[in-house]
Protein chains: 2
Amino acid sequence: MPDTIINRRDLEFQVFEVLDTDALTTRARYADHTRETFVAALDTAHTIATEKFAPHNRKADANEPLFDGQRVTMIAEVKEAVQAFSDAGLIAASHDYELGGMQLPETIAQACLSLFKSANVATASYPGLTIANANVISRFGSPVQKKKYLPALLSGRFFGTMALTEPQAGSSLSDITTTAAPNPDGTYSIRGNKIFISGGDHELTENIVHLVLAKIPGGAPGVKGISLFIVPKFLVNDDGATGPRNDVTLTGLIHKMGWRGTTSTMLSFGEKGQCIGELVGEPHKGLSYMFHMMNEARIGVGMGAVMLGYRGYLAALDYARGRPQGRAPGAKNALEPQVKLIEHADVRRMLLAQKAYVEGGYGLCLYTSWLVDEQSTGETETARHEAGLLLDLLTPVAKSWPSQWCLEANNLAIQVHGGYGYTREYSVEQFYRDNRLNPIHEGTHGIQALDLLGRKIMMENGAALELLSRHMHDSIVLASAYEQLQPHARALKAAFADIQNTVQHIKSALADDAVLGLANASVFLESFGHVVIAWIWLRHAVAAAEGLAKNNPVDADFYQGKLRVCRWFYQWELPKTEAQNKLLRSLDDSTLTMEAAWF
Amino acid sequence: MPDTIINRRDLEFQVFEVLDTDALTTRARYADHTRETFVAALDTAHTIATEKFAPHNRKADANEPLFDGQRVTMIAEVKEAVQAFSDAGLIAASHDYELGGMQLPETIAQACLSLFKSANVATASYPGLTIANANVISRFGSPVQKKKYLPALLSGRFFGTMALTEPQAGSSLSDITTTAAPNPDGTYSIRGNKIFISGGDHELTENIVHLVLAKIPGGAPGVKGISLFIVPKFLVNDDGATGPRNDVTLTGLIHKMGWRGTTSTMLSFGEKGQCIGELVGEPHKGLSYMFHMMNEARIGVGMGAVMLGYRGYLAALDYARGRPQGRAPGAKNALEPQVKLIEHADVRRMLLAQKAYVEGGYGLCLYTSWLVDEQSTGETETARHEAGLLLDLLTPVAKSWPSQWCLEANNLAIQVHGGYGYTREYSVEQFYRDNRLNPIHEGTHGIQALDLLGRKIMMENGAALELLSRHMHDSIVLASAYEQLQPHARALKAAFADIQNTVQHIKSALADDAVLGLANASVFLESFGHVVIAWIWLRHAVAAAEGLAKNNPVDADFYQGKLRVCRWFYQWELPKTEAQNKLLRSLDDSTLTMEAAWF
């Protein structure tokens, strides 16, 4: 029997009480929806995730996909699971009715997807990548391309990938060398090698649609010469039928520490000079298109990290409630029965931390999904623009914070289990291994830090940070109505002022010396992330205080939990930012003045 | 070709320049030794570790020991390696000449052992456990037992284990249920089940000597009723020859996330009522004997954690020096070649952190080994007593700090490698998996925290802390002679005063309420640990400054590195303790007032 995949009460609290998704149903795009249709979608996802995804999570980890030089094979449960996902219409969850979609808000669609990530992150990544791939074609593809590829992708007949990384150019996309030579018929001949392509080969679907970054000869060097191509495994006729094999070759599977159920591939394009690609949009604009997919994927990575942490937390909680072990300090009578693990202060510390990290991270990722809805359907142009600004600002945090702290939650989940947690008989060691990928892919921690400090904080002359400040202020005002939240409201105000002060220092430095100004960007990312999560927790606490005021005894324990974890975060975690900000303001140059020869 | 296993310059710096082990050669026990004999022992260990242990580290991970219901089999390289270890006399390294030992100081013996832990922690654990086992028998065994078992253990003809843990009593030894019924011939009949027994079965040696905790019927409940027994796999005649099989059964191997090369076993004692054990020392004093082994094992765990971190750091450093990737911020010219990873500030941050964690942790573990030497051979009774006090105080730190921060070093080593670090083609993912055991075994992080705060800080009315304060003061005085170290000297003084102040607050609380006083013991362990490592780094910096003053250009880079990493630790890490101490002084009761139902 697999572990529980979610605290459903928390999910609905976040979606309905904190984010008020009911309000979205007044918007034209979601007019057919109600709370009930949202809950029905969540129920469907919950059932399929529990019944089709969770049961083979460990089996897929222990039985990696195999490549015999010709075909990739994997355990049969993966295909059954992704088929059920596709059949339920979940790939098209947020797409238009006319494309067979459900026109669900992104918030609900992402909440649905989160359940699959909790149940089985490796299997969920196949349809997850397909969703992101289809979104790019939907947004930037030509009408012909949309007709050719979208119905097949959205129905799960084809799956999709994103093929960016090359062996010699990991984080440095400007150094990719894959080329795309124009053919007389308007197609391009693709030639090059890609690495770490998730879902890059398999027989789960009739076809695989790769979105490939390549350079058209004669373009500018660096990122300005990158274009985006659709490169299917099998060529596709204009009517959408699958044609002959394209010249895309699997050269090998990559064996990883975790996330073993997903094929990670090395692909060779055009070994025989016969690899056909179709240009998406205009030449040399590929990176900006891909960034659309990548921003979505980054939030998806954050959500995946959250859900691995969440699943581990639920397992640890269950274990701590059930396992008798030891006695309280001072209780030396060995004839008394042992108490449950959860009675120990240090075990509660680890559970409080996990709950704070995973529910806080979940709150941030769901909030960014809500911003996507607001960006596309907000009631005024200002609202839509501001949602976009905030989304840009928070994307690196939504990617990185859960990748760091929900991995730490997995670490603590192992620790709660003691020696058993280190064995492969329990699930938590796999979550820890799976989650270790998240600080790396879709832009490493360090890349996110440069994006946040070098670009997002500075864009539009600091407008996004100013906007976040206003939103925080609103929350602070709401929280101040509750006496028990007033200390937190004051603490958040002070912590954010400290961040703003820090940004001023860094801005001055940046003007003189970009290298020094950005040298400690990772520390800024981590400090800023903690303040953002403190804000998310304050929002949760306000909603919990409102809920408690309604005096529903069924929910009292749940709301008390929210209030106490908020308090915990403000007392245990937020104060860590003081030392970080002080370090940042000192413009410490340790990393620059340490010479390579001194290591 | 396996990675480098050590920075030999650092090892010799630590052993000879910081700890001045040359001075030990003036003591009677080590009178035959010189710097040259110490270096020769290190050379021998270095060669065997590199040639016999490192090459099969990954192979043993990928090919776990198998149990077919009768026999345990494993890859042949393990036996070759441990045989080479035994043949070099390394099991008896610190034992008396008359036992075939080398009478090496513990500092040198542990430095030798550290090289094997770096090379292959799983294979090294077989002789490592044997050393600890032999030390218990040497100290507490009867003359007959010593004659029967010691020569075989010290020569590697038998290997040893420690069998404490039972399925229903993980950290709570008072709840073990294994019994030992006295037989008319003076032996005992052992009956019970043990779990997580490392090295509990194999065919590496002719016999396996288990040291087993069990209760003699009629004894006190709890830990005061625990006795210690020698329980060999094969009975041993008084002349040391191996006799018939004892009734000890392997009921299964445990499959772990890492450390896969070491058998982790479930053992059943006395299934047929025929398991013979010999009492060690007096009845009901087993736990105190076992703690002798356990304290040694705890420092050994810390050293293992250090070496896994060290090996990962060296791999990351090598990768960062060799791999071209990206360009500096602002350097946008894609036609320029990419720079090496080590040129990026964020990569240097990760390398600085790793160097600080692993060399600092190594310093602490080697210092505790030096305290063992001082405790046994110190020149005055006061010196010996004080060394024992400091050793008691620092043992939980030497166990926990590396287990936390050198695991973090492994995390960073993966991150430096990017996507490649997450694959099983590179070594760093294995180090990370292996190291995750260390915060669990030989007393979890939380258990160490209770030991430190509840026992060690409070013992002899705070004498150990007072003693540490004096030693820190001495280092502060030495450091103050160097202008560049003066800020660190002041910072250490302030940080230690903050710890002492915190201890006073907790002491008052403890007097009223042990549960509240100890509730945040883990935070204390972590804060105290950082201050101890800051002190270790200051000692290194003083030695480096002295070295630099000698103007040897060959070593200038090495010494500069030490000075810069010390500075890094004081600017980046030590300030974290402020928020921790503030939290501790607030006697935050979050973990006690959070009700189980609120999670």
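These numbers come from a predicted model, not from an experiment.

1. So, the interface of chain B and chain A
The partner chain A presents 80 residues to the 80 residues of chain B that form the contact. Considering every element that reaches the side of chain B that touches chain A, the biggest residue donor is helix α17 (residues 556–573) of chain B, with 8 residues. In terms of residue class, the side of chain B that touches chain A is made up of 36 nonpolar, 25 polar and 19 charged.

2. Here's the deal with the relation of the copies chain B and chain A
With an RMSD of 0.0 Å, chain B superimposes on chain A once it is rotated by 180° and translated 0.0 Å along the axis. What the rotation and shift describe, once combined, is the action of a two-fold rotation axis. No C-alpha of chain B approaches the rotation axis more nearly than that of B:K576, which lies at 3.5 Å. The share of interface residues of chain B whose copies in chain A are also at the interface is 100%, consistent with both copies meeting through the same surface.

3. A short note on the domain arrangement of chain A
Interfaces are often sized by the amount of accessible area the parts lose when they come together. Residue and element names in this part refer to chain A. On domain assignment, one finds that chain A holds domain 1 (8–155), domain 2 (159–283) and domain 3 (445–593). When each unit is reduced to the centre of its C-alpha atoms, the spacing between domain 1 and domain 2 is 24 Å. Listed by partner, the interface residues are 31 residues for domain 1 and 28 residues for domain 2. Taken together, the elements giving at least two residues each to the side of domain 1 that touches domain 2 come down to α3 (57–62), α4 (76–87), α6 (121–140) and α7 (143–155). With 12 residues, α6 is the single largest residue contributor to the side of domain 1 that touches domain 2. Of the residues assigned to the side of domain 1 that touches domain 2, the class counts are 20 nonpolar, 6 polar and 5 charged.

4. Let's talk about unusual backbone geometry
All names here are of chain A. Phi is positive for D20, close to 50°, though the residue is something other than glycine. Following the sequence through the fold, D20 ends up in the loop between α1 (8–18) and α2 (35–53). For D20, a count of 12 C-beta atoms within 10 Å translates into the label exposed. Phi is positive for E460, which is not a glycine, with a value near 45°.

What counts and what doesn't
Here, residues in each chain are numbered from 1, in the same order as that chain's written sequence. All chains are assigned letters beginning with A, and all ligands numbers beginning with 1, in the order in which they are written. With pLDDT at 70 or above as the cut-off, local features in this predicted model cover only qualifying residues; side-chain atom pairs require 80 or more to be listed or tallied, and sums for whole chains, interfaces and linings still use all residues. Each residue gets a C-beta atom placed from its backbone, and two residues are in contact if those atoms lie within 7 Å. A helix here means a DSSP run of H or I that spans at least four residues, while a strand means a run of E at least two residues long, and both kinds are numbered starting from the N terminus. Under the scheme applied, nonpolar residues are Ala, Val, Leu, Ile, Met, Phe, Trp, Tyr, Cys and Pro; charged residues are Asp, Glu, Lys and Arg; polar residues are all the others, including Gly. Least-squares superposition of the copies uses the C-alpha atoms of those residues scoring a pLDDT of at least 70 in each of them. Where a domain begins and ends is set by an automatic assignment or by a domain database. With C-beta atoms placed from the backbone, a residue is labelled by how many other C-beta atoms lie within 10 Å of its own: buried for 20 or more, exposed for 12 or fewer, partly exposed between the two.

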